[in-house]
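# Summary of the model geometry
These are the residues of each chain, in order.
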Amino acid sequence: MEAVVDELPVILGAFWLTVKLTVVSGVISLVWGIVLAAMRVSPLPVLRGAGALYVNVLRNTPLTLIIVFCGLGLGTVMNVQFSRDDLSLNSFWLSIIGLSAYTSAFVCEVVRSGINTVPLGQAEAARAIGLTFLQTLRLVILPQAVRTVIAPLGSLLNALVKNTTVAAAIGVMEAALRMKNLFDAHGDAIIPIFLGFAAGFVVLTLPMNLLSGRLARRLAVVR
Amino acid sequence: MTERGATVLYDVPGPRARLRNNALTLAFGVVLLLVAYFVWTKFDEKGQWDGKLWQPFLRADTWTELILPGLLNTLAAAAVAAVLALLFGAVFGIARLSDHRWVRIPAAVVVEAFRAVPVLMLIFFAQYGGSLAGLVVTEFAAVVFGLTVYNGSVLAEIVRAGILAVPRGQAEAGSAIGLRKNQVMRLILLPQAVTAMMPAIVSQLVVLLKDTALGFVVAYADLLNAGARVVPANYANLIPSVIVIAAVYIAINLALGYLATWLERRSRRSRKVAADPAAAEAAAGGEVALMR
């Protein structure tokens, strides 16, 4: 127990890094995922094909492999650098590339399935009463699609928080790798340290789950 | 009557829209080609398309000596963890539905706790916690432990949701003809629930297979280890090697994915299934089908 109290600043620092990884890659994958979803539902076969290829490749590759590719392949071999002197900043951004590339494939699928849950009749009815394309999208389709997407996006974000630990594969000192280091430093306090870190993840994910669950229930579309 | 090719977003294109679509197809096609060309030249500048980096993958011994042993280790860890996780999931899923509070609540706590903790942390904990208890924990055992308890907890939710998705009348009818509680579960609920759960279970097993790659972090000699450490150590070809290994993973996962789709279609066709597969999957948190 003392070990956890003594190392509290270190532990909080590790979780701060976890939060930064989650927020930055979450925002990037939301934007990029929506772009991909737009490509996959567009009327142009080229864009649909490119989107489908991206999603199927990224979704079926292990995240660890993607992050290793970013860290060693892009970072070491291709010499992609974000900072000349700060190595940890470099691997931080490289792991964000990997996390965003992976998560955006799932965001794309969630958004696309959200659009697909809106029945065709809704759009036909909207056109029948004379709404333009943009009005149909803005007033009829998106309000229904966004609501069905909230709960799955919530569980994606939840999964992303846990997935940031994979950045440990290229030496980013987030929660999991820091926990391993503390195990090495305090061999007699392994269980309290583990429970402390586990509690940290519960604290990060629980409010998010409750919020997205409640929002999804409140906004559910009755069909 | 809805026309073919119509979606909720746009009508079937008429002559003018077709012309515009063709022009846009050409424009975006050029843009995509430019992006591909840019990536190609960047890798080319570093000599990543050199024949000598790719040559090793045309030789049989690279595969038999370096890659296949890794693939076998990946499949072994996945198979053992899958069996254990299914057992874990069945036990805790059913325990969460128990009539006895002293069974139900601890089971719920275990499932919810393990679902919240990242697999990598569980793997580290198995290594250090095991040696604290005086056990010799191999990398294999640590990876299997982490994959089992995490995926087992997710499977427990799938099992619970699958059983709950069987209409109540089934269990009531079973009790009415005098079956005991365990007979109702064993003879009536589980057989119907399992068919409904099948697609969700297979998707979760794909997640499990992909997560075996976490063994790389603790130096378990799996497929990713072969592709990112062993082969590059011999031929200094990290990027080609990781690309080839990714193709192997994608092929395996796509095959399992098709199996899941096929099972889903089959169970949807079958009239014997009373429970709705989609309900089983959605009730398990939706993460099942998503983060695979």
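Nothing here was measured: the structure is a model prediction, and the numbers come from that model. (Residues numbered from 1 in each chain as written. Chains lettered and ligands numbered in written order. Predicted model: local features only at pLDDT ≥ 70, side-chain atom pairs only at ≥ 80, totals over all residues.)

On to the overall build of chain B. Along the backbone of chain B there are twelve helices and zero strands. Here the C-alpha radius of gyration of chain B, 25 Å, is well above what a compact globule of 292 residues would show, namely 19 Å. (Helix = DSSP H or I, 4+ residues; strand = E, 2+ residues; numbered from the N terminus. Rg over C-alpha atoms; globule rule 2.2 N^0.38 Å.)

What follows deals with the overall build of chain A. On a plain count of helices and strands, chain A comes out with nine helices and zero strands. When the helices and strands of chain A are read in sequence order from the N terminus, they spell out α-α-α-α-α-α-α-α-α. When each of the 223 residues of chain A is scored for burial, the buried share is 47%. The contacts in chain A between residues at least 6 apart in sequence include a share of 74% that link residues at least 24 apart. (Buried ≥ 20, exposed ≤ 12 C-beta atoms within 10 Å, placed from the backbone. Contact = placed C-beta atoms within 7 Å.)

Here the focus is unusual backbone geometry. Located in the positive-phi region is Asn-79 of chain A, a residue other than glycine, with phi close to 60°. In this fold, Asn-79 of chain A is placed in the loop between helix H4 (63–77) and helix H5 (87–116). For Ala-219 of chain B, which is not a glycine, the phi torsion comes out positive at approximately 60°. Relative to the elements of secondary structure, Ala-219 of chain B occurs in the loop between helix H8 (181–211) and helix H9 (223–235). By the C-beta count within 10 Å, which is 10 here, Ala-219 of chain B ends up exposed.

We now examine the UniProt feature "transmembrane region" (unreviewed entry) in chain A. Residue and element names in this part refer to chain A. Here, UniProt's "transmembrane region" (unreviewed entry) annotation points to residues 21–41, 61–80, 92–112 and 189–211. Along residues 92–112, the helical share is 100% and the strand share 0%, with 30 Å between the first and last C-alpha atoms. The distance from the first to the last C-alpha atom of residues 189–211 is 34 Å, and the span holds 96% helix and 0% strand. (UniProt positions renumbered as here; feature names shortened; annotations may be inferred.)

Right, let's get into the nonpolar core. Grouped together as the largest cluster of nonpolar side chains are 133 residues, with contacts concentrated most on Leu-65, Val-68 and Met-179 of chain A together with Leu-120, Leu-122 and Ile-123 of chain B. With residues up to four places along the chain from it excluded, the contact list for Ile-123 of chain B reads Ala-142, Val-143, Gly-146, Leu-214 and Val-218 of chain B. (Core = buried A, V, L, I, M, F, W, Y, C linked by C-beta atoms within 7 Å.)

Residue and element names in this part refer to chain B. Confidence along chain B averages 88 in pLDDT terms, with 90% of residues attaining 70 or more. Ranking the elements of chain B by mean pLDDT puts helix H12 (residues 287–290) last with 41 and helix H6 (residues 139–164) first with 95. In the model, residues 283–292 has pLDDT below 50 throughout and makes 35 contacts with residues more than four positions away in sequence or in other chains. Here the predicted complex carries an ipTM of 0.91, next to a pTM of 0.90. (pLDDT = per-residue confidence, 0-100.)

Let's shift gears to the UniProt feature "domain: ABC transmembrane type-1" (unreviewed entry) in chain A. When the UniProt feature table is mapped to this numbering, "domain: ABC transmembrane type-1" (unreviewed entry) covers residues 15–212 of chain A. Secondary structure content for residues 15–212 of chain A is 81% helix and 0% strand, and the end C-alpha separation is 22 Å.

All right, on to the interface of chain B and chain A then. Facing 46 residues of chain B, the contacting portion of chain A comprises 50 residues. Elements with a minimum of two residues in the side of chain B that touches chain A: helix H1 (15–45), helix H5 (119–132), H9, helix H10 (238–269) and H12 of chain B. It is H10 of chain B that provides the largest number of residues to the side of chain B that touches chain A, a total of nine residues.

So, on to helix H7 (residues 133–163) of chain A. In this model H7 of chain A runs just 39 Å from its N-terminal to its C-terminal C-alpha over 31 residues, more than 12% under the 45 Å that 1.5 Å per residue would give. Ile-141 of chain A marks where H7 of chain A bends most, by close to 45°; the proline Pro-143 of chain A follows one to four residues later. (Expected span 1.5 Å × (residues − 1). Bend = angle between axes of the 7 residues up to and from the residue.)

All names here are of chain A. Looking at the secondary structure, you find Val-107 in helix H5. Judged by C-beta crowding, with 29 C-beta atoms within 10 Å, Val-107 ranks as buried. With 45 residues separating them in the primary sequence, Val-107 and Pro-152 have C-alpha atoms 8.9 Å apart. Once residues lying within four places of it in the same chain are set aside, the contact partners of Val-107 are Ser-29, Leu-30, Gly-33 and Leu-156.

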